[in-house]
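Descriptive structure summary
Letter by letter, the chains look like this.
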Amino acid sequence: SCLVALPAALLSVVLKAFVTRLAEDAEFDALGLSDPETVLGVVWSSVSSLLGFLVVFRTSQAYARFWEGTTAMHQMLGEWFDATSSLVAFCKRSKADKKAILVFQHTLVRLVSMLNAVVLMNLSSCNAEVDSKIPTVRAFELELIDAEGIDQQSLLAVNQVEDKVELLFQWVQQLIVEADV
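All residue numbers refer to position in the chain's written sequence, counted from 1. Confidence filtering applies because this is a predicted model: local features only for residues at pLDDT of at least 70, side-chain atom pairs given and counted only at 80 or more, and all residues used for totals across whole chains, interfaces and linings. The side-chain quantities take in all heavy atoms of the structure and omit both hydrogens and water.

Looking at the overall build of the protein
The secondary structure listing takes helices from DSSP runs of H or I that are at least 4 residues long and strands from runs of E that are at least 2 residues long, numbered from the N terminus. Within the protein, the secondary structure is distributed over 6 helices and 0 strands. When the helices and strands of the protein are listed from N to C terminus, the series reads α-α-α-α-α-α. For the protein, buried positions account for 20% of its 181 residues. The contact definition used throughout considers only heavy atoms, calling two residues in contact when any of these lie within 4.5 Å. Considering only residue pairs separated by 6 or more positions, the protein has 60% of its internal contacts joining residues 24 or more positions apart. Counting every atom, the protein has about 13400 Å² of accessible surface; 63% of that belongs to carbon and sulfur. Per-residue accessibility, obtained with a 1.4 Å probe over protein chains only, is compared with the maximum for each type, and a residue is labelled buried under 20%, exposed over 50%, and partly exposed between these values. The method behind every accessible area is Shrake-Rupley, applied with a 1.4 Å probe, and residues are considered shielded solely by the protein chains displayed.

Here's what the structure looks like:
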């Protein structure tokens, strides 16, 4: 905090000395700036206006970035929902065994549910230096669709790997490619 406060204090001392010297100068009498209070008022007004403009500009930029990120996240989740629901719908015309179709559909929905949870936890973790297992633990706090339907060994693998999103996405792709439905 001293690194911020010390330069600001030095700047105000220099500015006060400059304003006092400026007020003593006879050239500024014609401009109506001979009174130190008038000079301070003009400086204060100028700095306040500039600071107000910067705060409004930065706030509007942050607001726009927030909504852009939120929109992208909702679009991503919507695309995954559309893909999953399309795959489930395509199974209606399949000639495969009904049990195999149900296993495929249930596994797909469980994996996409876990994928959504892990992605949301990765997005919500603010500190990248936090232990990589914490977002996974928090991901399983979200409501998942029948996570117990996935075998214990796979759940442990997701918990231990660092790139959880990539692993789950690969499992979804592999499930789709290897499905015989």
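Focus: a positive patch on the surface
Surface patches are drawn from residues lacking salt bridges whose relative accessible area is over 30%; two like charges belong together within 9 Å, two nonpolar side chains (Val, Leu, Ile, Met, Phe, Trp, Tyr) within 5 Å. Any Lys or Arg side-chain nitrogen found within 4 Å of a carboxyl oxygen on Asp or Glu counts as a salt bridge. The charged-residue count follows a simple rule in which Lys and Arg add positive charge and Asp and Glu add negative charge, with His and chain termini not counted at all. Where a charge sits is defined by one atom per residue type, namely NZ (Lys), CZ (Arg), CG (Asp) or CD (Glu). On the surface, a cluster of positive charge is contributed by K92, R93, K95 and K98. Positionally, R93 belongs in the loop between helix 2 (36-90) and helix 3 (98-124).

With respect to a nonpolar patch on the surface
On the surface, a cluster of nonpolar side chains totalling about 430 Å² of accessible area is made up of L50, F53, L54 and F57. Positionally, L50 belongs in helix 2.

Concerning the nonpolar core
With 20 residues, the main nonpolar core has L108, L111, M114 and L168 as its most contacted residues. Elements supplying a minimum of two residues to this core: helix 3, helix 5 (152-160) and helix 6 (164-178). It is helix 3 that contributes the most residues to this core, 10 residues altogether. We define the nonpolar core as a collection of buried residues of types Ala, Val, Leu, Ile, Met, Phe, Trp, Tyr and Cys that are connected through side-chain atoms lying within 4.5 Å of one another.

A few points about the packing of helix 5 against helix 6
One can describe the packing of helix 5 onto helix 6 by two numbers: an axis separation of 8 Å at closest approach and a directional angle of 145°. Contacts between helix 5 and helix 6 involve S154, A157, V158 and N159 on the former and, on the latter, K164, L167, L168 and W171. Broken down by class, the residue content of the contact of helix 5 with helix 6 amounts to 5 nonpolar, 2 polar and 1 charged. Axes, fitted as lines to C-alpha atoms, cover a helix only where it is in contact. Angles between the N-to-C directions of the axes lie from 0 to 180 degrees. Charged residues are taken to be Asp, Glu, Lys and Arg, nonpolar residues to be Ala, Val, Leu, Ile, Met, Phe, Trp, Tyr, Cys and Pro, and polar residues to be all remaining types, Gly included.

Quick word on the packing of aromatic side chains
The description of an aromatic ring pair rests on the distance of the ring centres and on the angle between the ring planes. Between 30 and 60 degrees the pair is tilted, below 30 it is stacked and above 60 it is edge-to-face, where a pair is any two Phe, Tyr or Trp rings, Trp via its six-membered ring, whose centres lie within 6.5 Å. One pass over the structure, following the stated rule, counts 3 aromatic pairs. With a centroid separation of 6.3 Å and an interplanar angle of 20°, the aromatic rings of F53 and F57 are classed as stacked. Note that F53 and F57 are positioned in helix 2 at a spacing of 4 residues, about one turn of the helix. For F53, a relative accessible area of 55% corresponds to the exposed category. Using a relative accessible area of 44% as the deciding quantity, one classes F57 as partly exposed. Residues Y63 and W67 carry aromatic rings whose centres are separated by 6.3 Å and whose planes lie at 75° to one another, so their mutual orientation is edge-to-face. With Y63 and W67 both in helix 2 and 4 residues apart, the pair spans about one turn of that helix. Judged by relative accessible area, W67 falls into the partly exposed class, the value being 41%.

Points about the pattern of salt bridges
All told, the structure shown has 1 salt bridge when counted by the stated rule. Across the pair R110 and D146 runs a salt bridge, and its minimum N-O distance is 2.6 Å. Of this pair, R110 sits in helix 3 while D146 sits in the loop between helix 4 (133-139) and helix 5, and the two are 36 residues apart along the sequence. Judged by relative accessible area, which is 14%, R110 ranks as buried. Accessibility expressed as a relative area gives 34% for D146, which makes it partly exposed.

Describing the packing of helix 3 against helix 6
Relative to each other, helix 3 and helix 6 sit at 160°, their axes nearing to 9 Å. Relative to helix 6, helix 3 is oriented roughly antiparallel. Our pair here, helix 3 against helix 6, has a crossing hand that is left-handed. Listed contacts from helix 6 to F104, T107, L108, L111, V112, M114, L115, V118, V119 and N122 of helix 3 are K164, V165, L168, F169, W171, V172, L175 and I176. Across the contact of helix 3 with helix 6, the residue classes tally to 15 nonpolar, 2 polar and 1 charged. These descriptions rest on fixed angle ranges, namely under 35 degrees for roughly parallel, over 145 for roughly antiparallel, 65 to 115 for roughly perpendicular, and the rest for oblique. For any pair of crossing helices, the crossing counts as left-handed if the nearer helix is rotated counterclockwise from the farther one by less than a right angle, and right-handed if it is rotated clockwise.

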